[in-house]
Amino acid sequence: MNKYTHVFLGTAFSSKSPKEVEILKDHLFCINSKGMIEKIVAPKDADYHPLLDTYQGEENFHRLEDGHYLLPGFVDLHVHAPQWAQSGTALDIPLYDWLNTYTFPIESKFSNLEFAKNVYEDVVSTLLANGTTTALYFATIHKEASLLLAEICSAKGQRGLVGKVVMDLPEQTPEYYRDADAETALAETEEFILAVQELAKSTKQGVYPVVTPRFIPSCTDEALKGLGELAAKYDTYVQSHCSESDWAHGYVQDRFDKNDAFALHDFGLLREKSVMAHCNFLNDQDAELFAETGTAIGHCPISNAYFANSVLPLAHLHAKGIEVGLGSDISGGFSPSLFDNARQAVMSSRMLEDGVNPGLPADERGVPNSRITIDEAFYFATAGGGESLSLPIGRLAENYAWDAQIIDTNLGSSKLPIYDANENLHDIFQKMMYLVQPENIREVWVQGEKVHSR
């Protein structure tokens with residue numbers, strides 16, 4: 001009997017380090033029944049041809065066509081699943097107004113499970129079609145709808161980390177959309193954690209409950225403290241927004257006389273399994289606290305252009321030892337694609353380095369050493385996200401999950417400009433990172449299971 005559940009033959013790209021892409025030309029990828037990459041075999045290895053002879057022609061052997069390449073699945077560290085229903089609208093108004101005029105009204109509709117099902121099935125399918133194999137989701141305050149999102153991730157084969165949102169502070173949340181009180185919010189969060197942990201027992205790729213205070217401005221001290229205690233009790237993931245905009249950052253300073261990072265830490269919300277979205281206004285002390293506690297940043301470059309009032313100093317924060325991954329931040333970010341967000345991450349970093357005010361002399365205009373390359377952006381979309389979640393995902397490497405996307409560069413409707421049969425493979429990789437559209441993504445696999453194909 002054949003030992004491997006699947007064997008793939010093709011050329012793959014994976015992050016060797018934050019700055020370096022590894023090119024695995026014509027390698028064999030051997031996947032076991034648990035959906036893990038058990039063995040990767042190079043053409044020069046002794047067992048390459050014997051393996052080829054054994055599996056070629058078998059049903060579970062997958063030889064990539066010419067012009068098709070393998071990339072790891074993307075890890076999206078920040079998605080507001082209910083906001084998919086408003087994606088692409090109202091991006092021109094300030095954050096505070098956007099939340100109250102558009103976002104809270106739409107999120108409040110998720111008390112209706114039929115409405116929730118329509119939106120959630122669509123957002124999970126859309127993200128899979130865009131190559132996102134793992135997503136860290138904010139749901140809404142509704143326990144049942146939040147559990148439904150976890151069930152949909154489980155059924156569709158996406159690795160989902162899902163949080164029931166907590167927001168119980170009357171001054172900052174509308175009456176029609178808030179938890180009844182801190183006690184109710186905490187009780188429902190605990191019930192949600194237990195239900196998702198039960199669901200996880202029968203989910204091959206994994207689903208995980210996430211403790212989710214929306215952000216400090218929408219939560220009472222009692223809720224924040226209780227959520228920190230629940231995260232410790234059940235060893236769960238934690239997610240929130242941190243120092244995103246001038247308004248949010250200033251609000252926390254006024255309320256606690258300290259920055260978000262330290263306020264969150266006081267409530268037990270910065271830990272190895274914490275991912276904080278945005279973090280644009282972290283200072284060096286905040287950054288050191290993040291590095292020390294193992295808290296990761298979900299960098300949302302498209303959303304930041306609309307709502308964060310600044311460009312995240314990504315290179316600076318990563319150099320301080322903070323784990324960083326990319327987030328789409330649907331719908332503060334309009335695009336469900338981490339390809340688009342990787343592109344924007346590079347562009348924003350260049351704007352930060354060069355500066356944006358032509359009225360200033362060149363040497364005063366920007367922040368030196370801020371740029372990142374597309375290779376680095378790819379790392380943040382894949383391996384960086386995996387490291388942020390402390391999961392063996394985001395790399396095509398042995399003992400990692402087989403989360404992969406098969407990219408077709410020859411597609412008639414969106415063919416990549418590759419005219420030389422022997423074009424440098426790293427150049428092809430860069431063209432993919434800049435030019436791939438969803439239709440180029442022919443297949444998506446999660447944990448050794450095919451979850452999407454065109």
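Residues numbered from 1 in each chain as written. Predicted model: local features only at pLDDT ≥ 70, side-chain atom pairs only at ≥ 80, totals over all residues. Heavy atoms only, no water.

Asker: Got a sec to walk through empty space enclosed by the protein? Specific residues and values, please.
Answerer: Taking a probe equal in size to a water molecule and rolling it over the atoms shows the remaining empty space. For the structure shown, the criterion picks out three cavities of 30 Å³ or more. The calculated volume of the largest cavity comes to roughly 110 Å³. In terms of lining, the largest cavity is formed by 14 residues, of which the most central are Leu95, Trp98, Leu99, His241 and Glu244. At the level of secondary structure, the elements contributing two or more residues to the lining of the largest cavity comprise helix H2 (95-108) and helix H10 (301-307). (1 Å grid on protein atoms, 1.4 Å probe; cavity = no way out; pocket = protein on both sides within 12 Å on 5 of 7 lines; lining within 4 Å. Points joined across faces, edges and corners; volume = space filled by probe spheres on them. Helix = DSSP H or I, 4+ residues; strand = E, 2+ residues; numbered from the N terminus.)

Asker: Got a sec to walk through the pairing of strand S15 (residues 404-408)? Specific residues and values, please.
Answerer: The element S15 is extensively covered by neighbouring structure, given that five of its five residues are classed as buried. Where strand S5 (residues 68-72) and S15 come together, five bridges link them in antiparallel fashion. Paired with Pro72 across the bridge in S15 is Ala404. Relative to strand S16 (residues 441-446), S15 is paired through four bridges, and the arrangement is antiparallel. Within S16, the position partnered with Ile407 by the bridge is Ile441. (Buried < 20%, exposed > 50% of the residue type's maximum accessible area, 1.4 Å probe, protein only. Pairing = 2+ DSSP bridges.)

Asker: Kindly report on the packing of aromatic side chains, identifying the contributing residues and their values.
Answerer: Counted by the stated rule, this structure contains 19 aromatic pairs. Seen from their ring centres, Phe110 and Tyr120 are 5.1 Å apart, and the 35° between their planes marks the pair as tilted. Of this pair, Phe110 sits in the loop between H2 and helix H3 (113-129) while Tyr120 sits in helix H3, and the two are 10 residues apart along the sequence. Under the relative-accessibility criterion, Tyr120 is labelled buried at 0%. Judged by centre distance (5.7 Å) and plane angle (85°), the rings of Tyr208 and Tyr237 are edge-to-face. Pair noted here: Tyr208 is in strand S10 (residues 207-213) and Tyr237 is in strand S11 (residues 237-242), with a separation of 29 residues, a long-range link. For Tyr237, a relative accessible area of 4% puts it in the buried group. Taking NZ or CZ as reference, Lys273 lies 5.2 Å from the ring centre of Tyr237, over its face. (Phe/Tyr/Trp six-rings, centres within 6.5 Å; stacked < 30°, edge-to-face > 60°. Lys NZ or Arg CZ within 6 Å of the ring centre and 35° of its normal.)

Asker: Any chance you could break down helix H12 (residues 338-354) for me, citing the residues and the numbers?
Answerer: Under the 1.5 Å per step criterion, the end-to-end length of H12 is 24 Å for 17 residues, consistent within 8% with the ideal 24 Å. Within H12, 12 of the 17 residues are buried, which leaves the element mostly enclosed by the surrounding structure. Within H12, the full set of buried residues consists of Leu338, Phe339, Asn341, Ala342, Arg343, Gln344, Ala345, Val346, Ser348, Ser349, Leu352 and Glu353. Measuring from the side-chain oxygen of the N-cap residue of H12 to the backbone nitrogen of Phe339 gives 3.0 Å; that N-cap residue is Ser337. (Expected span 1.5 Å × (residues − 1). Polar contact = N/O pair within 3.5 Å; in protein donor to acceptor, adjacent residues only side chain to side chain.)

Asker: Give a description of the environment of Trp247 that names residues and reports values.
Answerer: Residue placement: Trp247 occurs in helix H7 (residues 246-256). Trp247 sits in the partly exposed class, given a relative accessible area of 30%. In the structure, Trp247 is positioned 152 residues away from Leu95 in sequence and 8.4 Å away in space, judged by C-alpha atoms.

Asker: Outline the pairing of S11, supporting the account with residue identities and numerical values.
Answerer: By the criterion of burial, S11 is predominantly enclosed, with six of the six residues buried. Here S11 shows no split at all, with Tyr237, Gln239 and His241 on one side and Val238, Ser240 and Cys242 on the other all buried. The pairing of S10 with S11 spans two bridges and is parallel. Following the sheet pairing, Val211 is matched in S11 by Val238. The parallel pair S10 and S11 is bridged by helix H6 (residues 221-234), and the resulting crossover is right-handed. Across five bridges, S11 lies against strand S12 (residues 274-278) in parallel orientation. Bridged to His241 within S12 is Ala277. (Right-handed = clockwise from strand over helix to strand, strands pointing away.)

Asker: Tell me about the confidence of the model for the protein, and name the residues and values.
Answerer: Scored by pLDDT, the protein has a mean of 97; 100% of the residues are at 70 or more. In the model of the protein, H2 stands out as the element of lowest mean pLDDT, 93, in contrast to S5, which has the highest, 99. (pLDDT = per-residue confidence, 0-100.)

Asker: Any chance you could break down the pattern of salt bridges for me, citing the residues and the numbers?
Answerer: Under the definition given, this model contains 26 salt bridges. Its salt-bridge partner being Glu38, residue Lys3 comes within 3.2 Å of it at the nearest N-O pair. Of the two residues, Lys3 is situated in the segment before strand S1 (6-17) and Glu38 in strand S3 (residues 37-41); the sequence distance between them amounts to 35 residues. Classification of Lys3 by relative accessible area gives exposed; the value is 58%. The exposure class assigned to Glu38 is partly exposed, which follows from its relative accessible area of 33%. In this structure, the salt-bridge partner of Glu449 is Lys204, at a minimum N-O distance of 2.6 Å. Taken together, the residues Glu449 in strand S17 (residues 449-453) and Lys204 in the loop between helix H5 (182-200) and S10 connect sequence positions 245 residues apart. Residue class for Glu449 comes out partly exposed when judged on its relative accessible area of 40%. Here the salt bridges do not stand alone but share partners, grouping Asp235, Arg271 and Lys273 into one network. (Salt bridge = Lys/Arg side-chain N within 4 Å of Asp/Glu carboxyl O.)

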